[in-house]
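Coordinate inspection notes
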Amino acid sequence: MQFVNPQRVCKGMQLGEVPPSGQIVKDALNVAWPSVLESFFVCLAGLVDTIMVGSLGSHAIAAVGLTTQPKFLGLAVFLSLNVAVSALVARRKGADDRESANKIVRMALMITILLTIIISSIFVSLAGPIVKMVGSQPDTHEYAAQYLQIVMGGMCFSTVSLMLNAAQRGAGNTRIAMVTNIISNTVNVIFNYLLIGGNFGFPALGIQGAAIATVIGTVCACSLSILSVLRKDGFINLRSVKGWIAERTSVQSLLNVGSSALVEQLCMRVGFLLFAMTVAHLGTTQMAAHQIGMNMMSMSFSFGDGLSVASITLIGQSLGRKRPDMAKIYGNVCQKIGLICAFAVATVYFIFGKEIFMLFSREAAILDYGAMIMRILSITLFFQIEQVTLFGCLRGAGDTKFTALVSLISVTCIRPGISWLMCYPLGMGLLGAWLGTFCDQVLRFILTFLRFRKGQWMNIKL
């Protein structure tokens, strides 16, 4: 069986001149591996964060875990804007329209700064009520509120860095984003060590220290990202154009793709928030075990996320060059690479699941939950990595209305609904929550796979 079979993938389509199979795979890997490595190191830093915070007790792990979904809910508008920026820059790169791409990035930067001021102020002032709504317990409430205030208070560095990196990815410069994130996360881990436990003369700030370390890491990321878009030899160079408003066509495309992506992000974040609230009410021990499991799920997600970035870039650029056949071929190749990654990660999780959990906690109850979570996760991640890659394919084409609909159905309704049903009425506890997660991932895979196969996404104009 051929790894790349253009005739089969593009059946019924007009097939242009196709590069050799080896070149196609090489192109996909060249774009994908920096993004996979970047996402992996971001998740690894999160794991180290959790391990270091875990030294303070299970209540500390649970407290930090409670802030995850509120934090991403606050970032939803920026993540959706970044999807639009990546897709549009990729199209402009494929059409070799550098000026339009840079005007889009300039305008997105201005929007990002203005929205950050508003959203950061809201989260800092309402941190207490927000974590209470999520399901904080008496032993986690104060710590969770403090962590959320510090992280969201310094979010301006994170949002600017995320947007500029999204633009670089759309242009195919995935190595820039990789280096930026690896350096910033290394700084984060170093300051975790210094500030959580108070080493080398630094104050022992506990959970507050972990939050401050996160902000310091994003300051580094922001600085490096800004430097990357001031280089004269780069496709993205903000000094190469004047003005802060893009042309009308680009503004309309940014609004169309960004608004659909925002709906998708809000649907996902509301669903994840409801899901987190369901688990939080099971108790601190269950929440701590769940948070460790979610960290491990993020590790497997990093492979899908990297391939998703590659899909957005390769498909966007192919469609910009008027080559829908190559867009479909690259999407298919990214899916196959995702399957190989899934098999490797699933093998490790299935065999060494309990030992991995022992890095975070030695509590018997948490380890028992961990063995169960890792068995379910070793199956779930096949669907997870594939659906994340497929989401990238559709986003790269600008098909964000469909991805928003899928998120509404599966993440907002199916995952929290089934999880709650299994957790409480059926009395399955934490097992029920993870079975709900499995159902969500399977449904998202089926819907996005069918959409990709039909090919309507290749006709969207940006």
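Just so you know, these numbers come straight off a predicted model, no measurement behind them. (Residues numbered from 1 in each chain as written. Predicted model: local features only at pLDDT ≥ 70, side-chain atom pairs only at ≥ 80, totals over all residues. Heavy atoms only, no water.)

The subject of this paragraph is the side chain of Ser-225. Along the chain, the position of Ser-225 falls in helix H10 (residues 207–228). Judged by its relative accessible area of 0%, Ser-225 falls in the buried class. Other than its neighbours up to four places away in sequence, Ser-225 contacts Ser-161, Leu-164, Asn-165 and Thr-180. (Helix = DSSP H or I, 4+ residues; strand = E, 2+ residues; numbered from the N terminus. Buried < 20%, exposed > 50% of the residue type's maximum accessible area, 1.4 Å probe, protein only. Contact = heavy atoms within 4.5 Å.)

We now examine a nonpolar patch on the surface. The grouping of Ile-113, Ile-117, Ile-118, Ile-122 and Leu-126 at the surface amounts to a nonpolar patch, some 450 Å² of accessible area in total. Within the secondary structure, Ile-118 sits in helix H5 (residues 98–125). (Patch = residues over 30% accessible without salt bridge, like charges linked within 9 Å, V, L, I, M, F, W, Y side chains within 5 Å. Areas by Shrake-Rupley, 256 points an atom, 1.4 Å probe, with all protein chains shown as cover. Salt bridge = Lys/Arg side-chain N within 4 Å of Asp/Glu carboxyl O.)

Under the defined criterion, the tally for this structure stands at 7 salt bridges. The partner of Glu-99 in a salt bridge is Lys-103, and the shortest N-O contact between them spans 3.4 Å. Linking Glu-99 with Lys-103, this pair stays in helix H5, spanning 4 residues, or about one helical turn. For Glu-99, a relative accessible area of 47% corresponds to the partly exposed category. The salt bridge partner of Arg-451 is Asp-399, with a shortest N-O separation of 2.9 Å. Of this pair, Arg-451 sits in helix H16 (residues 430–454) while Asp-399 sits in the loop between helix H14 (364–396) and helix H15 (400–423); the two residues are 52 residues apart in sequence, bridging distant segments of the chain. Connected through salt bridges with shared partners, the residues Arg-415, Asp-440 and Arg-444 form a single ionic network.

The next subject is the packing of aromatic side chains. Inspection of the entire model under this criterion finds 6 aromatic pairs. Measuring from centroid to centroid gives 5.1 Å for Phe-452 and Trp-457, while their planes differ by 15°, and the two rings are stacked. The same class applies to Phe-452 and to Trp-457, which are both buried. Following the ring pairs from residue to residue traces out a cluster consisting of Phe-383, Phe-438, Phe-445 and Phe-449. Over the ring of Phe-3 we find Lys-336, and its NZ or CZ is 5.7 Å from the ring centre. When the ring centre of Phe-275 is taken as reference, the NZ or CZ atom of Arg-415 above it lies at 4.9 Å. (Phe/Tyr/Trp six-rings, centres within 6.5 Å; stacked < 30°, edge-to-face > 60°. Lys NZ or Arg CZ within 6 Å of the ring centre and 35° of its normal.)

We now examine the nonpolar core. Judged by nonpolar contacts, the single largest core of 82 residues is most densely connected at Met-296, Ile-329, Val-333, Tyr-349, Leu-430 and Trp-434. The leading source of residues in this core is helix H13 (residues 324–357), at 13 residues. Beyond its immediate chain neighbours, meaning those up to four positions away, Leu-430 contacts Val-279, Leu-282, Gln-286, Ala-289, His-290, Tyr-369, Met-372 and Ile-373. Core analysis: the next-biggest nonpolar cluster, separate from the first, contains 26 residues, Leu-81, Met-107, Ala-171 and Leu-254 among them. (Core = buried A, V, L, I, M, F, W, Y, C linked by side-chain atoms within 4.5 Å.)

What follows covers the state of the cysteines. Scanning the entire structure with this criterion turns up 0 disulfides. In this structure Cys-341 is a free cysteine whose sulfur lies 10 Å from that of Cys-334, the closest cysteine sulfur available. Summary of cysteine pairing: Cys-423 is not part of a disulfide, and the nearest cysteine sulfur, belonging to Cys-439, is at 12 Å. (Disulfide = S-S within 2.5 Å.)

Spatial relationships are all this shows, so hold off on functional conclusions.
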